[in-house]
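# Fold and contact review
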Amino acid sequence: MTDLLYSDVEESLRSSVRGALKRTVDPSTVAALYDAPDTDVSSVWSALAGDLGLAGLLVPEEWGGAGASAREASVVLEELGRAVAPVPFLESAVIATTALLAVDARDVLPQVASGDRRAVLVLPWSARAGAWSAGEAVTAPVAGALGADLFLVPTSVDGTVRLVLHETADVTPLTSLDMSRPLASVAPTDEGRVLAEGEAAVAAVDAALAAGAALLASEQLGLAQWCLETTVEYAKTRIQFARPIGSFQAIKHRLADLYLEVTQAQAAARYAADTLAAQDPDAPVAQAVAQSYCSDVAVHAAEEALQLHGGIGMTWEHGVHLYLKRAKSDQLALGTPAAHRADLAGLVDLPQH
């Protein structure tokens, strides 16, 4: 039977990640990226990838990794979502690493697992499994490309898809809604090395995008939980008309409704991570459900947080705007909710209208 509860190992991992994030990142750190995109936030990634070894979380131990599963990765992403951490964990340690594992790139994986080199799958950030195309000379917008060392580029040669590993590329920053996950255009500048071609290449890319979508739901869950918890605490202490605003029935109803949404999102995100870890045949359905639901919940939670914080929530100095931007950009990442609902309809044999 599927167990969606967190294990002792997962809770210990959560504690370590949360502690590292508290030491290295706060809302002011993230907000600085909007005024100065070149602000150095490398210490955050160093703490996670180097000190905690999270860059190789999904890499088998024989190749220098931790040999963990998607369940552990989901816990990490919940904490990254809670902190809107400006790190490429999802892009490198999940998506690109899944592609490298799928093609058995054992000469590259130890470098990625150690955190010495970062990898990125060069596809538009809106791509999803079964809905992407190869062969663009310049690809945009790509998440996780800035600062990357290894570029996994799907190309098409005479109708055959190849997954090519490049070590150099022209990477041009783009203006992003969410500067904690910057986007860029990417144009490879070396000949590259073919890692796989044909069905193997397509399967590797699809596996990477599917893993990304499944675990993005956990990031969205962590973000929504922060928004809910922070707003509840604010409602307890903000006094209006000589009463805490949380005592007003209208506020109670909104927060109660949001609590139910976030709780349901947790079940969806956990199930997506569990089926991915277990290679369960139900994984595609779980991923489509998680993305079609958690994306909207994260946006709604951030909107409610901003509105229920009142005037202070509208200010640049408060951290709520960072969560709204991350939530909205995540909603468009790796397939929109509408796209995933369309995928879900096909998976469960529902007619599409």
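Described below are features of the structure shown in this document.

### Description of helix α9 (residues 283-308)
In this model α9 runs 36 Å from its N-terminal to its C-terminal C-alpha over 26 residues, within 8% of the 38 Å that 1.5 Å per residue would give. Among the 26 residues in α9, 19 count as buried, and that is most of the element. Positive phi appears at Gly-310, one or two residues downstream of α9, with a value of about 65°.

### Comments concerning the side chain of Arg-326
Among the structural elements, Arg-326 can be located in helix α11 (residues 320-332). Each residue touching Arg-326, except ones within four places of it in the same chain, is listed here: Val-84, Ala-85, Asp-178, Ser-180, Arg-181, Glu-219 and Leu-223.

### Notes on the sheet that holds strand β7 (residues 193-197)
The strand order across the open sheet formed by four strands is β1-β3-β4-β7, and the pairing between neighbours is mixed. Two strands in the sheet have a free side with no partner beyond their single neighbour: β1 (119-121) and β7. The mean angle between the axes of side-by-side strands here comes to 30°, regardless of whether they run parallel or antiparallel. The sheet contact formed by strand β4 (residues 160-166) and β7 spans four bridges and is antiparallel. From the neighbouring strand, Leu-165 faces β7, where its bridge partner is Arg-193. Where helix α5 (residues 89-102) meets the sheet, its contacts fall on β1, β3 (150-157) and β7, and the angle it forms with β1 comes to roughly 70°. With respect to the sheet, helix α7 (residues 199-237) is in contact with β1, β3, β4 and β7, its orientation differing from that of β4 by roughly 65°.

### Here we look at the packing of α9 against helix α12 (residues 337-347)
Relative placement of two packed helices is described by the angle separating their axes and the distance separating the axes. Where α9 contacts α12, the axes come no closer than 8 Å and their chain directions differ by 150°. Judged on the interaxial angle alone, α12 and α9 are roughly antiparallel. In the packing of α9 onto α12, the handedness of the crossing is left-handed. Where α9 approaches α12, its residues Pro-284, Val-285, Ala-288, Val-289, Gln-291, Ser-292, Ser-295 and Asp-296 are matched on the opposing element by Pro-337, His-340, Arg-341, Leu-344 and Leu-347. The class makeup of the residues in the contact of α9 with α12 is seven nonpolar, four polar and two charged.

### So, the packing of aromatic side chains
Counted according to the given criterion, the structure contains one aromatic pair. Judged by centre distance (3.7 Å) and plane angle (0°), the ring pair of Trp-226 and Tyr-323 falls under stacked. Of the two residues, Trp-226 is situated in helix α7 and Tyr-323 in helix α11; the sequence distance between them amounts to 97 residues. Among the residues examined, Trp-226 registers a relative accessible area of 17% and is labelled buried.

### A few points about unusual backbone geometry
One can expect most non-glycine residues to show negative phi and most peptide bonds to be in trans. Residue Pro-141 is reached from Ala-140 by a cis peptide bond, and omega for that bond is -10°. With respect to the element layout, Pro-141 can be found in strand β2 (residues 139-143). One non-glycine residue with positive phi stands out, namely Asp-158, at about 55°.

### Describing the sheet that holds strand β5 (residues 169-174)
With antiparallel pairing, three strands are arranged side by side in an open sheet as β2-β6-β5. The sheet terminates laterally at β2 and β5, the two strands that pair on one side only. Within this sheet the neighbouring strands show an average axis-to-axis angle of 35°, counted without direction. One ladder, built from six bridges, connects β5 with strand β6 (residues 183-188); its direction is antiparallel. From the neighbouring strand, Thr-172 faces β6, where its bridge partner is Ser-185.

Definitions and cut-offs
- Residues numbered from 1 in each chain as written.
- Predicted model: local features only at pLDDT ≥ 70, side-chain atom pairs only at ≥ 80, totals over all residues.
- Heavy atoms only, no water.
- Helix = DSSP H or I, 4+ residues; strand = E, 2+ residues; numbered from the N terminus.
- Expected span 1.5 Å × (residues − 1).
- Buried < 20%, exposed > 50% of the residue type's maximum accessible area, 1.4 Å probe, protein only.
- Contact = heavy atoms within 4.5 Å.
- Pairing = 2+ DSSP bridges.
- Axes fitted to C-alpha atoms, helices over the stretch in contact; angles between N-to-C directions.
- Parallel < 35°, antiparallel > 145°, perpendicular 65-115°, else oblique.
- Left-handed = near helix turned anticlockwise from the far one by under 90°.
- Nonpolar A, V, L, I, M, F, W, Y, C, P; charged D, E, K, R; others polar.
- Phe/Tyr/Trp six-rings, centres within 6.5 Å; stacked < 30°, edge-to-face > 60°.

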